[in-house]
Amino acid sequence: MTRAPLPAAPVPKAELHLHIEGTLEPGLAFRLAERNGVPLPYAGPAELAAAYAFTSLRSFLDLYYATMAVLRRAGDFADLAQAYLGRAAAQGVRHAEIFFDPQAHLARGVPLAEVMRGLGEGLAAGGERFGVSTGLIACFLRDSGPAGALDCLHQLLDYRGQIIGVGLDSAEVGYPPELFADVFAAAAREGLHRVAHAGEEGPPGYIWQALDVLGAERIDHGVRCLEDPVLVRRLAADQVPLTVCPLSNLRLRVARSWADVPVREMLEAGLLVTINSDDPAYFGGYVDDNFQALARELGLDDDTLRQLAANSFRASFLAPGPGRAAPDRLRRAAPDGQRPAAPDPQGRAGTPARDPG
Ligand code: ADE
Ligand code: ZN
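If you're wondering where the values come from, they're calculated on a predicted model, not measured in any experiment.

(A) Structural detail: the overall build of the chain. Across its full length, the chain carries 15 helices and eight strands. When burial is assessed residue by residue, the chain has 58% of its 357 residues classed as buried. A sequence separation of at least 24 residues applies to 76% of the contacts in the chain between residues at least 6 apart. As displayed, the chain has an accessible area near 13800 Å², and 52% of this comes from carbon and sulfur atoms.

Written out as structure tokens, the structure is:
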């Protein structure tokens, strides 16, 4: 009897643009709502999922912040982190650099201690169980302003050993990166990595500011860079990683259709593109679902998909570059064959993944 061939295992990859709060699946949201006595304004998980029809980043953020009200105690954050790592591992993720939004929890009266304890425990247990190394990146909410970001950084420094970097997220337009120069400078003095969402809905000028004012080492999204050829040359020359999220771009109408998802154009321009899931519980797929959609919808071949996966390790903070801090929570190395073979302009390529010791 002939058997059907087993489906190919997903290519090993790192995930570099993932909001842990955006992995809150409707079923878990309802379990936590019940556990914590926090009502959700939907009859059940199916009705909640049916509300995921977004017209813009703002329309998504409103629901995202409202639904995370069910996250109250350390155990909730631990359950969330473990659930993500299980799903991510099944999609080939070996390493994840994970965003979280401390201000969104502080604003609801959830102590940072609960958030950090829960994420710490969930990532440690899930990382061990599913074989995924992790690092945490705390994002500042740009629509909460620079003073709020500075206050948040000061609170985070009590947990300095638990985070590898800082980022900038939430509503983009009207909140240019330069507003956050001071907090990013303070984070740099602490030896923290710096990344920023820029060029998702905002203009190319925001990407310039993220690079030149904030010192961002990676640009999250960055798809609007293609509107500025000088910026594209700069990003390509410096091999600045771009963490692109195709399903997110479609769901938030950053791209109107697959024809507008510019992954091919970005690769052809020599950009260091990585593929990520952003808020997979809300956008219809985890990271390998994004890879598969690129193959199906844009016709990307296996070699290109493998290149994108290799880029994800190269762009990760596993391979420190000049001036980079030693991430202390990174544990497992990228698998053989996934490390860059040739030096890149920043000298990161070929650096063995850090041995956690
Ligand atoms: N927070 C969660 N997802 C986000 C996104 N795609 N852009 C900006 N902020 C976010
Ligand atoms: Zn994002």
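(B) Region of the structure containing the packing of helix α9 (residues 204-212) against helix α10 (residues 229-237). Two elements in contact, α9 and α10, have axes separated by 10 Å at closest approach and are oriented at 35°. Crossing hand, α9 versus α10: left-handed. Each of Pro204, Ile207, Trp208, Leu211 and Asp212 in α9 lies in contact with α10, whose residues at this interface are Val230, Leu231, Arg234 and Leu235. Residues belonging to the contact of α9 with α10 are distributed by class as follows: seven nonpolar, no polar and two charged.

(C) The site of ligand 1, seen in detail. Lining the immediate surroundings of ligand 1 are His19, Leu57, Phe60, Leu61, Tyr64, Asp169, Ser170, His197, Glu200, His221, Asp278 and Asp279. A distance of 2.8 Å separates a nitrogen atom of ligand 1 from a polar atom in the side chain of Glu200. Protein contact buries 100% of the 260 Å² of open area that ligand 1 shows by itself. In terms of residues, the shell around ligand 1 owes the most to one element, helix α3 (residues 57-67), which gives four residues. The residue inventory of the shell around ligand 1, partitioned by class, reads four nonpolar, four polar and four charged.

(D) Highlighting the pairing of strand β2 (residues 93-100). Burial of β2 is extensive: seven of the eight residues sit out of reach of the surface. Relative to β2, strand β1 (residues 13-15) is paired through three bridges, and the arrangement is parallel. Residue pairing in the sheet places Lys13 in a bridge with Val93 of β2. For β2 and strand β3 (residues 133-141), the ladder comprises six bridges, and the chain directions are parallel. Each bridged residue has a counterpart across the sheet, and for Ile98 the counterpart in β3 is Leu136.

(E) Seen up close, the coordination of the zinc ion (ligand 2). Distances from the zinc ion (ligand 2) to its protein donors, His17 (NE2), His19 (NE2), His197 (NE2) and Asp278 (OD), fall at 2.1 to 2.3 Å. For the zinc ion (ligand 2), the donor residues sit on a single chain with the sequence spacing H-x1-H-x177-H-x80-D. Separated by 259 residues along the polypeptide, His19 in the loop between β1 and α1 (26-36) and Asp278 in the loop between β8 (272-275) and α13 (280-283) bring together distant segments of the chain. Judged on exposure class, the residue His19 and its partner Asp278 are both buried.

Definitions and cut-offs
- Residues numbered from 1 in each chain as written.
- Chains lettered and ligands numbered in written order.
- Predicted model: local features only at pLDDT ≥ 70, side-chain atom pairs only at ≥ 80, totals over all residues.
- Heavy atoms only, no water.
- Helix = DSSP H or I, 4+ residues; strand = E, 2+ residues; numbered from the N terminus.
- Buried < 20%, exposed > 50% of the residue type's maximum accessible area, 1.4 Å probe, protein only.
- Contact = heavy atoms within 4.5 Å.
- Areas by Shrake-Rupley, 256 points an atom, 1.4 Å probe, with all protein chains shown as cover.
- Axes fitted to C-alpha atoms, helices over the stretch in contact; angles between N-to-C directions.
- Left-handed = near helix turned anticlockwise from the far one by under 90°.
- Nonpolar A, V, L, I, M, F, W, Y, C, P; charged D, E, K, R; others polar.
- Near = heavy atom within 4 Å.
- Polar contact = N/O pair within 3.5 Å; in protein donor to acceptor, adjacent residues only side chain to side chain.
- Pairing = 2+ DSSP bridges.
- Donors = N, O, S within 2.8 Å, 3.2 Å for Na, K, Ca; no water.

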